[in-house]
Amino acid sequence: MREATIIANVKIAVIDEDVIVRDFIVSTLMYSVNRDILTFDNGFDAWVSFEESGFPDMIIADVNLQEIDGLALVSKVKQASPGTVVVLFSDLPENETKVREKGSDAFIAKPFGVNELFNLVQTFVVEQDPAGDPSTPA
Amino acid sequence: MLRLGSRPENMREMELDDIFISRLQLLIIMTKSYLNKYPLGSYRERSILENAELVKVDAVGLAEDIAFFGSDEDFHNGLNFEPVFYQRVKLLAVMAEAFAKGHSLEEHKQEALEKNLNTICETITFSKTISDMQFLKVA
C-alpha cells in the first residue's frame, strides 16, 4: 500500500478579515500539515508578501476581501504563479459561478468544517509516494 | 473545480456555534490521532494547545450561560446541550493540553479519555474516523 506524504516544506496562506474563521482554518491546516501557516486579513497585504517572498503552494481566501478581493486575487495569482492552488470560500451562492469562471481550483460554501479542510489537504497537499516510503518532510 | 461545503440553499455566514462545533470536532480528531499513536510535531502541538484552549473557554462560557439563564425562554442556546456535556468537553480539552505538552497518560487515564471522547461523539453524532486520513501519520 502506498504511503501518503505531504509536499515537503509546503507553504499555505489563509486570507480572511474574519479572525475567528481565519484562526479556525489555520488551526486545522497547521495540525494537518504540521507546518506554520501564513495569514493575512486583506488581499493587498497578501499580494505584496507573495511578490516579495514568493508564492505559496496553496492559498485559501474569502471572496470578500478588502483592497484586492478574492476573485481579483485568483486572476493575479494564476497569471504570476500558475502552479499555486487557489481555493475561495463564500457565504453567497451567486459567487460560486464567478469563482469557477476566474479559474479557482476549488470553492468552499459556508458554513464548512474540518471535513472540507481535510479534503483540501488530501486533494492538494498529499503526495502518493510510489516507493511506499513514509518519509518525513524536513 | 472542486466544490466543497454547504448546499447552495444552506449557505450562510459562519456563526460562533459553527466554530465551536468545528473546533470541537478538530479536538476529537486530534485526540483520536493521539490515541492511535500518530506522530506529533512542534506545529501540531501548538495547534492542539491553541485549539484546546479556545474550546475550553467556549465550553466554560456556554455552561455559564446555561447556569445564568436557566430555563429563561428568551435565552436560546442554539446548541441545546446539557451542562454536563460542557464539563465533558472541558475535561477533553484539559487532557488534550496534557498530551500536547508531552505528559504521558497512564493506561487508566487513556481509557477515561477514550470513554469521554466516545460520549462526546455520541452527543454531537460525530463519527469521523481517522483511518482515511493517512497524512496524519506523517509529522
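Residues numbered from 1 in each chain as written. Chains lettered and ligands numbered in written order. Predicted model: local features only at pLDDT ≥ 70, side-chain atom pairs only at ≥ 80, totals over all residues.

S.K.: Break down the interface of chain A and chain B for me, with residues and values.
M.R.: Often, the extent of an interface is quoted as the loss of accessible area upon association of its parts. Taken residue by residue, the interface counts 39 residues in chain A and 33 residues in chain B. Of all the secondary-structure elements, those providing two or more residues to the side of chain A that touches chain B are β1 (3-6), α1 (19-33), β6 (106-109) and α5 (114-125) of chain A. Among the elements that take part in the side of chain A that touches chain B, α1(A) stands out by supplying 8 residues, more than any other. Here the residues of the side of chain A that touches chain B are counted per class, giving 20 nonpolar, 11 polar and 8 charged. Bridge count between β6(A) and strand β1 (residues 2-5) of chain B: 4 bridges; the pairing is parallel. If you follow A:Ile108 over to β1(B), its bridge partner there is B:Leu4. (Contact = placed C-beta atoms within 7 Å. Helix = DSSP H or I, 4+ residues; strand = E, 2+ residues; numbered from the N terminus. Nonpolar A, V, L, I, M, F, W, Y, C, P; charged D, E, K, R; others polar. Pairing = 2+ DSSP bridges.)

S.K.: Report on the nonpolar core, specifying residues and quantitative values.
M.R.: Grouped together as the largest cluster of nonpolar side chains are 76 residues, with contacts concentrated most on A:Leu29, A:Ile59, A:Val87, A:Leu88, B:Leu27 and B:Ala96. The leading source of residues in this core is helix α1 (residues 16-35) of chain B, at 9 residues. What A:Leu29 contacts, discounting residues up to four positions off in sequence, is A:Ile12, A:Ile37, A:Leu117 and A:Val121. (Core = buried A, V, L, I, M, F, W, Y, C linked by C-beta atoms within 7 Å. Buried ≥ 20, exposed ≤ 12 C-beta atoms within 10 Å, placed from the backbone.)

S.K.: Quick one: what's the story with the pairing of strand β5 (residues 85-90) of chain A, residue by residue and with numbers?
M.R.: Residues and elements named next belong to chain A. Among the 6 residues in β5, 5 count as buried, and that is most of the element. With 5 bridges connecting them, strand β4 (residues 58-62) and β5 associate as parallel partners. Bridged to Ala61 within β5 is Leu88. In the classification by handedness, the crossover that spans β4, the intervening helix α3 (residues 70-80) and the parallel β5 is right-handed. Note that β5 and β6 share 4 bridges and pair parallel. Opposite Ser90, over in β6, you have Ala109 as the bridge partner. (Right-handed = clockwise from strand over helix to strand, strands pointing away.)

S.K.: Give a description of helix α4 (residues 107-123) of chain B that names residues and reports values.
M.R.: For an α-helix the count is 3.6 residues per turn, leaving residues at separations of three or four pointing the same way. Residue and element names in this part refer to chain B. The first and last C-alpha atoms of α4 sit 24 Å apart over 17 residues, in line with the 24 Å expected at 1.5 Å per residue. Inspection of α4 places Leu113, Leu117 and Ile120 among the buried residues, and these make up the whole buried set. For α4, the angular spread of buried residues about the axis comes to 65°, placing them on one side. Exposed positions of α4 whose direction lies more than 90 degrees from the buried face are Glu107, His108, Glu111, Lys115, Asn118 and Glu122. Packing partners of the buried residues in α4 comprise α1 and α3 (83-100). (Expected span 1.5 Å × (residues − 1). Arc of directions from axis to C-beta.)

S.K.: Describe the environment of A:Ser32, naming the residues involved and giving the relevant values.
M.R.: Examined against the element boundaries, A:Ser32 turns out to sit in helix α1. The exposure class of A:Ser32 is buried, given the 28 C-beta atoms found within 10 Å. Apart from the residues within four sequence positions on either side, A:Ser32 is in contact with A:Phe118, A:Val121 and B:Phe135.

S.K.: Help me get a handle on the sheet that holds strand β3 (residues 38-40) of chain A, residues and values and all.
M.R.: The strand order across the open sheet formed by 6 strands is β3(A)-β2(A)-β4(A)-β5(A)-β6(A)-β1(B), and the pairing between neighbours is parallel. Each edge of the open sheet is held by one strand with a lone partner, namely β3 of chain A together with β1 of chain B. Each neighbouring strand pair of the sheet contributes to a mean axis angle of 15°, computed without reference to strand direction. The strands that α1(A) touches are β2 (12-15), β3 and β4 of chain A; relative to β2(A), the one it contacts most, it runs at about 170°. Each of β4, β5 and β6 of chain A together with β1 of chain B touches α5(A); the most contacted strand, β1(B), lies at about 155° to it. (Axes fitted to C-alpha atoms, helices over the stretch in contact; angles between N-to-C directions.)

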